[in-house]
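Each chain, letter by letter, is given below.
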Amino acid sequence: MMNWAYSFSESGELGRELLGGKGLALAEMTRLGFPVPPGFTLTTAACRAYLERGALPEGLWDEVRAQVGRLEEATGKRFGGPGLPLLVSVRSGAPVSMPGMMDTILNLGLTEEGVAELAASTGNERFAWDSYRRLVQMYGEVVLGLDAAGFERALERAKALAGAERDVDLSPADLRELVAQFKGIVAAAGRRFPDDPWRQLEGAVRAVFESWNNPRARTYRRLYEIPDELGTAVNVQAMVFGNLGDDSGTGVGFSRNPATGERGLYGEYLKNAQGEDVVAGVRTPQPLERLRESDPELYAEIADVAERLEAHFREMQDFEFTVERGRLYLLQTRTGKRTPAAAVRIAVEMAGEGRISREEALLRVDANTLPSLLRARIDPEQAPEAVAEGLPASPGAAVGHAVLDAEAAESWAGRGLPVILVRPETTPEDISGMYLARGVLTARGGMTSHAAVVARGMGVPAVVGVAGLSLNLEERTFRLGDREFKEGDVISLDGATGRVFAGEVALSEGGSGEYLHELLEWAEPHRKLGVRANADTPADARRARELGAEGIGLVRTEHMFFDPERIPWVRALILAETEKEEREALDKLFAFQRADFLELLKAMDGLPVTVRLLDPPLHEFLPPLVELERKEAAGTLAPGEAKVLTQVRRLHEANPMLGFRGVRLLLVRPEILRMQTAALLSATRALREAGKDPRPELMIPLVSAAEEVAQALEAVREVFSEFDLTLPVGTMIETPRAALVAGEIAPLVDFFSFGTNDLTQLTFGISRDDAGHFLPRYLDARIFVHDPTEHLDEAAVGRLLEIAVREGRAANPSLKLGLCGEHGGEARSVRLAHRLGLDYVSASPFRVLTARLAAAQATIDSG
C-alpha cells in the first residue's frame, strides 16, 4: 500500500506526479548530498483525497507524527515538547510550477513558551520574537483567512512608534508588543491563534491542500491550461533561519540570468531575513554579485551550487537558499522561469555547450512566446527624461493607463484600453491584473520578487523596486518622484532599462536577435509543414517574408476597400442605379485592386499568394443603420443620405455572419467576382512581362455546397479565357457542411484552405465578437478548458478537419491543404495541422515565427 508521506531521503524513486516539483527536487538534492534541511512530503494523492472527502485521509496523521519524530531525531530538537523547539516550514509544491499561487507558512511549532527557549538557545531574543510574529501573521492570513492589510498596518505603526525605518530595527520589546497586537487582530475577527504546535501543523497542512483551489491558483491554472485534478503536494521541512543576524540571510539564485539568458550566477540576497521577504518583495534585496566582495567564500559556494545544479538537471535552475550563521542551506530548486528572449538564448547556448542536443533546445522554447521577441522598445535617443527609475525586471516597453489593482485592470482592459498595473508590490492575488496588463510597475521588490518572476513568465514588461513610487490607494493616486498622477493617467515604462516616463512615449519595433536566428536555422531541417502569412499590405508581406514566410496563405481583399480613398467607390457600386454608374465604380475599384495585387505579388515574388475574393456582407461598407435612422428622426439627413438609408435598410440582416456574404454575394453580384479576378490576372500578366515570377492563387470564400463552387468557377474561367491565363483555384472550408461534403467539392478545385476562425464559430454556435459576455465565465468554471477561438478545438473542429482531409484527398489525390485562420499561429494548433497531414499553415506576420518553430517541434515529437 502506498504511503501518504515520504521523507526527502526515501522518496527518490517516486515521480513528480506524486511528490510535486518541489518535493521531487528536494529528494533529488538530498540524494546528491547538497545541504538540504531534513523534511518530508505529503503526496498529491493525499491532497486529492482531502479535497474529495473534506477530511484528512485515514492514516495520514499517523504518518505525519512518525515523520516529525524522524525530524526530531535528525535535528536533536523537539516538536511541541520541552527543550529546544523544532520549527518547520509548510510549503506547497504542485507537479507543475505555479510560483506564488499557493500558500507557505514558516516557523510552525513556535509557541509563546517556546519563544524563551529559542531566545536562550540562540542568544538572540530579537530573532525569537521576530520568528513568532511572522508565524502569527502568516498563520492568520493563510490558515485563518484574515486580511493581510490589518497586520501590515500594525507593523507600520510599530515602526513609526519606534522610529524604525526597517523591520530589522525593531527591538525585542517592540516585537513582543507587536505579537500581542497581531493576536488581538486575530481575536477581533472571532478566531484564535493556536499555541499547540500540532494544531498549528494540522491547520497549515489543511490550508495548503485547500490553497490548490484558491482563486489565484485557479486563475493561474486557467491561464496556463494546467489540469485541475493534479493537486498539490505539501513539503514539511525543518526550519533554518536567515534572520539570526548579519551573518545570516536568505536569497534566490539562478544559474543564468532569467531576463537575458546570460550564463553565470545571478540573483539576490537579503541579510537578516527569511525567504518570504525576498519572494514577496516586501524588502528590496541586494544583487548576489555584491557578495563577491563582502563575502567571497560564500559567493563561491553559491556559484558552485548553481553550476552543479544546472549540470545535474540539464536546465537553468532557480534555487532558494538560506544562510544560517554562515552555513548555506538549499530550500528548493526548480526549472527557472525566464523571458522569451532568455529562453531562446539559454536553449541555444546550452546546446552549444553540449549539455543538451539541438532537438532538445528546439523543444525547450515555447513557440507561442516568439512574437514577443519582436516587442516594441523605447529608443533611448528619442525618450524624454524619466520621472523615476527602478530595476529592469522583465524586458520590453509598454504604454498604458495606470491602474492600481487587479479589479481596476479588469475594468479598464474590459473597455479595450491598454493598462499598466501599478502596485506597492504584487502578490498572487494580482495574477488576473498582471495577465491583462501591458506592463507592471511596483514600488518594492527585487529581480526575484513575485512581480519579476511572474511578469517574466508571462512575457510582460516590468519595472520593480522603484524607490520614488508611492501609492495612495484610498485616493486612487500615486507619485513618481515629485510628480503626482491619478488612476487612469497614461504612463510608459521600459522593462529593459528600468525607466518610467510620464505620458505616452513613442515605441520602436523590436528585432529577433542572433540566438533566435540560430534556433530557427536548426528548426528548418525538421519542419515538414509549410508556413505562410496572412497579409493584406505590401508592408505586411515584406515583414512576413523577412520572418521566414514561404508565401501568403490569405489576402483579405475587403481590407483594401476600407481605405478612405476607396470606400466612396465601394458605396458607389452598392448604390449604382444604372449600368454606367456600376461600370464607373467597378473600373475605379479594378484600378485600386490591380495596384494592390502588383505590390503584394512583387513583395512575394517567386512564392504563392492566395487571394480570397470578397467575403463580408456589403452593408459593412455603408454607414450604420442606427446612425442614419437617428439622423432621419432628427431631420438632419444630408443630401444623398436618404438614398443610402434605403439601401442600408434593404441590405440590413439580423445575422450577417450567416447572411449575404462570401460566395453567395459573389454569385448574386458576379460583376464583383469578375472585377477582382481580372485585377489579379492583369497584375500577374504585367509582372510576368517584366520578368518577375508572380504565383497567385484564387480562393472562393464561405462555400457550403459543390454547386456553389461549380457556378463560381464558371465565372472565374470566363475571365481566365479573356486573359488567356489560368491560376490555381481553391476554396475556403469554413462551414461545417463544407467539411462534411469535402469529397464532393475536392474534384472541382486545386486546394482547400481551412478557415478555422469561422469554422470554430459555426461549429460552437458562438460569435467571437459577442463571446466576451460568457466565455470568461466558461473558462473560469472549466466548462471550456481553453478558449476555442485561440486554441483549435480538437474534439469537434479537429474532427471536421480530419473528415475533410481524408475525404478531400480520397476524391482528389493532388489536393493541396492549408489552414489560414488565426490558429495557424498557435503552437498546439500547428501541431494538430501537422498530425492531420496538411501542407501548410498561414499566420499573421509576427506569428510566422511561432508556426515555424511549432512545425519543427511537431516533427520531433512525432518521432
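Keep in mind it's a predicted model, so treat the numbers as computed, not measured. Per chain, residue numbering runs from 1 following the sequence as it is written. With pLDDT at 70 or above as the cut-off, local features in this predicted model cover only qualifying residues; side-chain atom pairs require 80 or more to be listed or tallied, and sums for whole chains, interfaces and linings still use all residues. To obtain the side-chain values, all non-hydrogen atoms of the structure were included, while hydrogens and water were left out.

(A) Main features of the sheet that holds strand β22 (residues 530-534). Judged by pairing direction, the barrel is parallel, and its eight strands sit side by side in the order β22-β23-β24-β25-β26-β27-β28-β29 before closing back on the first. Mean inter-strand twist for the sheet, computed between neighbouring axes without regard to direction, equals 30 degrees. In this description, strands pair whenever DSSP reports at least two bridges between them. Working definition: helices are DSSP H or I runs of at least four residues, strands are E runs of at least two. Numbering for both runs from the N terminus. Examined bridge by bridge, strand β28 (residues 816-819) and strand β29 (residues 840-843) share two bridges and lie parallel to one another. What sits directly across from Gly-818, in β29, is Tyr-840. Between N-to-C directions, angles cover 0 to 180 degrees, with each direction set by a line fitted to C-alpha atoms, over the stretch in contact for helices.

(B) Quick look at the packing of aromatic side chains. Working definition: rings of Phe, Tyr and Trp (its six-membered ring) pair if their centres are within 6.5 Å, and the pair is stacked with planes under 30 degrees apart, edge-to-face with planes over 60 apart, and tilted otherwise. Evaluated as defined, the whole model comprises 17 aromatic pairs. Each ring, one from Phe-79 and one from Trp-198, has its centre 4.9 Å from the other, and the planes form 80 degrees; the classification is edge-to-face. Residue Phe-79 is found in the loop between α3 (60-75) and β3 (88-93), and its partner Trp-198 is found in helix α8 (residues 197-211); the two are separated by 119 residues along the sequence. Exposure remark for Phe-79: the relative accessible area of 3% places this residue in the buried category. On the numbers, 4.6 Å between centres and 35 degrees between planes, the contact of Tyr-220 with Tyr-224 is tilted. Residue burial is assigned from relative accessible area. The probe radius is 1.4 Å, only protein chains are included, and a residue is buried under 20% of its type maximum, exposed over 50%, and partly exposed in between.

(C) Seen up close, helix α19 (residues 538-546). Looking at α19, one finds that the buried residues are Ala-541, Arg-543 and Ala-544. Along the axis of α19, the buried positions cluster into a sector of 165 degrees, meaning they face one direction only. Against β22, β23 (552-556) and α22 (579-603) lie the buried residues of α19. Positive backbone phi, at 105 degrees, marks Gly-548, one or two positions downstream of α19. Along the arc lie the directions from the helix axis toward the C-beta atoms. Any pair of residues with heavy atoms lying within 4.5 Å of one another is described as a contacting pair.

(D) How the structure looks around the pattern of salt bridges. A side-chain nitrogen of Lys or Arg and a carboxyl oxygen of Asp or Glu constitute a salt bridge if their distance falls within 4 Å. Inspection of every chain in the model, using the stated rule, returns 62 salt bridges. A salt bridge links Arg-355 to Glu-353, with the shortest nitrogen-to-oxygen separation between them at 3.7 Å. The class for Arg-355 is buried, based on a relative accessible area of 18%. One salt bridge connects Glu-718 with Arg-674, and the closest N-O pair in it is separated by 3.4 Å. Pair noted here: Glu-718 is in helix α27 (residues 706-723) and Arg-674 is in helix α26 (residues 670-689), with a separation of 44 residues, a long-range link. Overall, Glu-718 belongs to the partly exposed group, its relative accessible area being 36%. Overall, Arg-674 belongs to the partly exposed group, its relative accessible area being 33%. One salt-bridge network, in which partners are shared between bridges, spans Arg-256, Arg-263, Glu-307, Glu-310, Arg-345, Glu-349, Glu-353 and Arg-355.

(E) Region of interest: the pairing of strand β2 (residues 39-42). Residues Gly-39 and Thr-41 of β2 are buried on one face, and the alternating residues Phe-40 and Leu-42, pointing to the opposite face, are buried as well. For strand β1 (residues 5-7) and β2, the ladder comprises three bridges, and the chain directions are antiparallel. Looking at the pairing, Ser-7 lines up with Phe-40 of β2. Pairing geometry for β2 and strand β5 (residues 233-238), over four bridges, is antiparallel. Bridging from a neighbouring strand, Phe-40 pairs with Val-236 of β5.

(F) Molecular detail of helix α7 (residues 172-188). Here the expected span of a helix is defined as 1.5 Å times the quantity of residues minus one. Compared with the 24 Å implied by 1.5 Å per residue over 17 residues, the 24 Å span of α7 between its first and last C-alpha is a close match. All of the buried residues along α7 are Leu-175, Leu-178, Val-179, Phe-182 and Val-186. Taken down its axis, α7 places every buried residue within 110 degrees of arc, on the same side. Turning to α7, the residues buried within the fold contact α5 (125-142) and α6 (148-162). Gly-190, located one to two residues past α7, shows a positive phi value of around 80 degrees.

(G) Region of interest: the environment of Glu-794. Here Glu-794 is to be found in the loop between α31 (775-780) and α32 (797-811). Classification of Glu-794 as partly exposed rests on a relative accessible area of 41%. Taking the C-alpha atoms as reference, Glu-794 lies 33 Å from Leu-24; in sequence the two are 770 residues apart.

(H) Main features of the pairing of β29. Residues Tyr-840 and Ser-842 of β29 are buried on one face, and the alternating residues Val-841 and Ala-843, pointing to the opposite face, are buried as well. Direction of pairing for β22 relative to β29: parallel, over a ladder of four bridges. Its bridge partner lying in β29, Gly-530 is registered against Tyr-840.

(I) Spatial organisation of the nonpolar core. Core analysis: the largest hydrophobic core is formed by 127 residues, its most contacted members being Leu-519, Phe-752, Phe-754, Leu-838 and Leu-853. Val-90, Leu-106, Val-136 and Val-454 belong to the second-largest nonpolar core, a separate cluster that totals 95 residues. Buried Ala, Val, Leu, Ile, Met, Phe, Trp, Tyr and Cys residues form a nonpolar core when they are joined through side-chain atoms within 4.5 Å.

(J) Quick look at the packing of α5 against α8. Between α5 and α8, whose axes approach to 10 Å, the crossing angle comes to 45 degrees. As summarised for this structure, α5 and α8 are arranged oblique, according to the angle between their axes. Here α5 and α8 pass one another in a crossing that is left-handed. From α5, Leu-135, Tyr-139 and Val-142 reach across to α8, where they touch Arg-199, Gln-200, Gly-203, Ala-204 and Ala-207. Lys, Arg, Asp and Glu make up the charged group, whereas Ala, Val, Leu, Ile, Met, Phe, Trp, Tyr, Cys and Pro make up the nonpolar group; the residues left over, Gly among them, are polar. Residues of the contact of α5 with α8, tallied by class, amount to five nonpolar, two polar and one charged. An angle counts as roughly parallel when it lies under 35 degrees, as roughly antiparallel when it exceeds 145, as roughly perpendicular when it falls between 65 and 115, and as oblique in every other case. In a left-handed crossing the near helix is turned counterclockwise from the far helix by less than a right angle, and in a right-handed crossing that turn is clockwise.

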